[in-house]
Amino acid sequence: MGILSTDGYEAYLVGGCVRDLVMGVTPGDIDICTSALPEDVKRAFSGYRTIDTGIKHGTVTVLIEGCPVEITTFRSEQGYSDSRHPDDVCFISSIEEDLKRRDFTINALAYNESRGLVDFHGGLEDIRQGIIRCVGDPDERFSEDALRIMRAVRFSSKLGFKIEARTLEGMRRNLPGLKRIANERILSELYGILCGDGAGRVMREYPEVFFEVIPELKPMWGFDQHNRHHCYDVWEHTAYAVDGVPNDPLLRMTMLLHDIGKPKSFFIGDDGTGRFLKHPLYGRDISDEVLRRLGCDNASRELIVSLVEAHDLRPTLSRSFARRCLNKWGRDMMRLLFIVVHEDICAQSEWKKDEKLETLRAFEALVQSVIDDMDCVSLSDLTVNGDDLLALGFKEGKSVGEMLSELLSLVIDDELPNEKDALLAYAAERVS
Ligand code: ATP
Ligand code: MG
């Protein structure tokens, strides 16, 4: 900022970084706004590496000691005919006008050494009171850019702030505008919301925002489970489960989706209790569709969907079962699965909770001992391979594959030792 002001321009720290500094939090990224035009910014920082991040919108990124700093010319935005992109960006000379286009009062603060804190919209007081409030008229602001609806929920989740009543009403009225927002931006805000410390709370307070972007979640809301294992409806249970796991985007998303198949699979059994037969399978399919629609990358989608499918783990305390689980899911996913299952149980009723948690703990120890003892859990651990079977006279392809699977299954169940002679002898008797 010193460089710009010695060149005669105004420059301020602005937006989220000022909010964070006021709150005593280390800012995630540094944004500066200035009266200098992009070409002037580049000239002033000719000794630094600069990147033309969005010249048209007035943004140049300057790398200062390896840190990217975004420098944007004061601007106002006019007309949002698609409720997404401003039709026209207009460079202006006053910070006051620039702050008007910002979403919330807490983000409409600016600071520099000569003027100190610039606060035209009561942002400081809103930070003190923990309030998220639109700059200007909420309906206008949310109809200009519906993503702000999700940003409001994200800031609430992350900062523990309440959304002010008129702002909330404006959000609710403008929810349909989210349909016009690119899926990737929705997904990224959704991860942000889920990773906040207040994720469960915002799920309870602003559920309609979640239902707007993932309509498949809506049937969970208020869905009575009619089952002793549960003391909450499906949505409430989900909110607890989301809060329970560490705030990692994939784990949080898994918990949001883990019971999405429940409403569809529900029926009341003969004994009068609620049943959710195969809900993890319904859940897997629905989650897969949802994540594809939101443009989730394949690796993340596959992991989340597998965890949803596996979440209803009912472990048998046998080494064979532990080996089969490792075979099916692998070590890394098992590690995540234990977190998911643990938090799923914790978000259920007290009925048999200790018992369920104890079984889970014992099973985790069993899986660990299978890993430590390097038990055979996969085809590559077997002491025979395809070539050995071909040498015995098995036919290439299916019959070799089938015999290898059979041998693995026998070894996993301790019906044969994982020793070459024993496995070959068994196979030799079955060459067709
Ligand atoms: P974070 O801590 O997530 O970085 P942030 O407030 O810095 O939060 P950014 O997305 O980095 O959010 O945006 C920087 C600033 O730009 C915001 O503080 C706000 O003033 C403004 N801004 C960003 N997105 C919008 C938007 N969609 N509408 C209006 N103003 C916005
Ligand atoms: Mg920021």
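Reading the values: rules and limits
- Note that residues are indexed from 1 along each chain, following the sequence as it is written.
- Chain A is the first chain written and ligand 1 is the first ligand written, with later ones labelled in order.
- Local features in this predicted model are restricted to residues whose pLDDT is 70 or higher, and side-chain atom pairs enter the listing and the counts only when it is 80 or higher, whereas totals over whole chains, interfaces and linings include all residues.
- Side-chain metrics in this entry use all non-hydrogen atoms of the structure; hydrogen atoms and water are not considered.
- A cutoff of 4 Å decides nearness: a residue is near a molecule or strand if any of its heavy atoms lies inside that distance of it.
- Polar contacts here mean pairs of N or O atoms no more than 3.5 Å apart (in protein, one a potential hydrogen donor and the other a potential acceptor; neighbouring residues in sequence count only if both atoms are side-chain atoms).
- Note on areas: Shrake-Rupley with a 1.4 Å probe; residue coverage comes only from the protein chains shown.
- Here a helix means four or more residues in a row that DSSP labels H or I, a strand means two or more in a row labelled E, and each is numbered from the N terminus.
- The residue classification treats Ala, Val, Leu, Ile, Met, Phe, Trp, Tyr, Cys and Pro as nonpolar and Asp, Glu, Lys and Arg as charged. All others, Gly included, are polar.
- Only heavy atoms matter for contacts: two residues are in contact if any of them lie within 4.5 Å across the pair.
- Each residue is placed in one exposure class: buried if its accessible area under a 1.4 Å probe, protein chains only, is under 20% of its type's maximum, exposed if it is over 50%, and partly exposed if it falls in between.
- The start and end points of each domain follow an automatic or database-based domain assignment.
- How far a helix is expected to stretch is found by multiplying one less than its residue total by 1.5 Å.

This next bit is on the site of ligand 1. The local shell around ligand 1 holds 15 residues, among which Arg19, Asn107, Asp145, Arg148 and Arg154 are the closest. Within the side chain of Arg151, a nitrogen or oxygen atom sits 3.0 Å from an oxygen atom of ligand 1. The separation between an oxygen atom of ligand 1 and a polar side-chain atom of Lys158 is 3.0 Å. Isolated, ligand 1 exposes 580 Å² of accessible area, and the fraction of that covered by the protein chains is 78%. Elements represented by at least two residues in the shell around ligand 1 include exactly α2 (16-23) and α7 (147-159). Counting residues per element, the shell around ligand 1 draws most heavily on α7, which supplies five residues. Taken together, the residues of the shell around ligand 1 sort by class into one nonpolar, three polar and 11 charged.

Moving on to the side chain of Ser300. In this fold, Ser300 is placed in helix α16 (residues 298-310). Once you skip the residues sitting within four places of it in the chain, Ser300 turns out to touch Tyr191 and Leu250.

One non-glycine residue with positive phi stands out, namely His226, at about 50°. Within the fold, His226 resides in the loop between α11 (207-213) and α12 (234-244). The phi dihedral of Met374 falls on the positive side, at around 50°, and the residue is not glycine. For Met374, the position within the fold is in the loop between α18 (353-372) and α19 (386-392). With a relative accessible area of 71%, Met374 lands in the exposed category.

On to the domain arrangement of the chain, then. In terms of domains, the chain is made up of domain 1 (1-135) and domain 2 (379-428). Between the C-alpha centres of domain 1 and domain 2 the distance comes to 66 Å.

Quick look at α18 now. Because an α-helix completes one turn every 3.6 residues, residues spaced three or four positions apart along the sequence face the same direction. Spanning 20 residues, α18 covers 29 Å between terminal C-alpha atoms, matching the ideal 28 Å at 1.5 Å per step. All of the buried residues along α18 are Lys353, Lys356, Leu357, Leu360, Phe363, Leu366, Val367, Val370 and Ile371. Looking at the buried positions of α18, the neighbouring elements they touch are α17 (319-346). The first or second residue beyond α18 is Met374, which carries a positive phi of 50°.

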